[in-house]
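# Notes for the structure review
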Amino acid sequence: MRFYAFRKCSQEFLHSPFIRKQGNIYKPNNKDMDNDSLNEKTMEDVHTKEIDLVNRDPKHINDDVVKVDFEDVIAEPAGTYSFDGVWKASFTTFTVTKYWCYRLLTALVGIPLALIWGIFFAILSFLHIWAVVPCVKSYLIEIHCVSRVYSICVHTFCDPLFEAMGKCFSSIRIRLTKEV
């Protein structure tokens, strides 16, 4: 009888796979596991992320840079005005020249400088990760040992000395009186 019950039970497991409450590993049934698989698919590579072409300074790192407009450079005081046409042409010439010179310089020099700065910050990151942080950690570990030895020396030699001096000088009393 027992053997038959065991055999029947084992046959049930052969034909019906055991499905956990949260689903099997390959096809999750619950939301938590499903969200994890979606997060893996939608994870973005930081090197191929889209850039914002409208707001090109989202972290405001160039707020302190001098922003020079026509009115900041050229101004005519009252009573010494040029012709209106000359003023308008000067404004247009200044603005367009500044705009296109900046664009031309960034087109010619921007990409090589971006390459140079990319290499520079890659080297800086490499040195920080592989040289500076390990040196600082090593220094902190070594200085911890030195500080323990120093602490033992101070507690052994200096504490009794200063405690004795404190007891000797604790009986000295100073009284100040002001004579009139």
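Residues numbered from 1 in each chain as written. Predicted model: local features only at pLDDT ≥ 70, side-chain atom pairs only at ≥ 80, totals over all residues. Heavy atoms only, no water.

Where an unreviewed UniProt entry is consulted, the protein chain appears under the name Caveolin, with the organism given as Amphiprion ocellaris. UniProt annotates the protein chain under Function (unreviewed entry) with the comment "May act as a scaffolding protein within caveolar membranes. Interacts directly with G-protein alpha subunits and can functionally regulate their activity." Looking at the protein chain in UniProt, the text filed under Sequence similarities (unreviewed entry) is "Belongs to the caveolin family." (UniProt positions renumbered as here; feature names shortened; annotations may be inferred.)

The next thing to look at is the packing of aromatic side chains. Counted under the stated rule, the structure contains seven aromatic pairs. Taken together, a centroid distance of 5.0 Å and an interplanar angle of 70° make the contact between Phe70 and Trp87 edge-to-face. Pair noted here: Phe70 is in helix H3 (residues 70-73) and Trp87 is in helix H4 (residues 84-169), with a separation of 17 residues, a long-range link. By the ring-pair criterion, three or more aromatic residues cluster together here, those being Phe70, Trp87, Phe91 and Phe94. Against the face of Trp100 rests Arg103, its NZ or CZ located 5.6 Å from the ring centre. (Phe/Tyr/Trp six-rings, centres within 6.5 Å; stacked < 30°, edge-to-face > 60°. Helix = DSSP H or I, 4+ residues; strand = E, 2+ residues; numbered from the N terminus. Lys NZ or Arg CZ within 6 Å of the ring centre and 35° of its normal.)

Glancing now at the confidence of the model for the protein chain. Averaged over every residue, the pLDDT of the protein chain is 80; residues scoring 70 or more account for 73%. Mean pLDDT across the elements of the protein chain bottoms out in helix H1 (residues 2-15) (47) and peaks in H4 (95). Note on residues 1-13: pLDDT is under 50 here. Beyond four places in sequence and across chains, it has zero contacts. Contacts from residues 15-20, a stretch scored under 50 in pLDDT, to residues over four places away or in other chains number three contacts. (pLDDT = per-residue confidence, 0-100. Contact = heavy atoms within 4.5 Å.)

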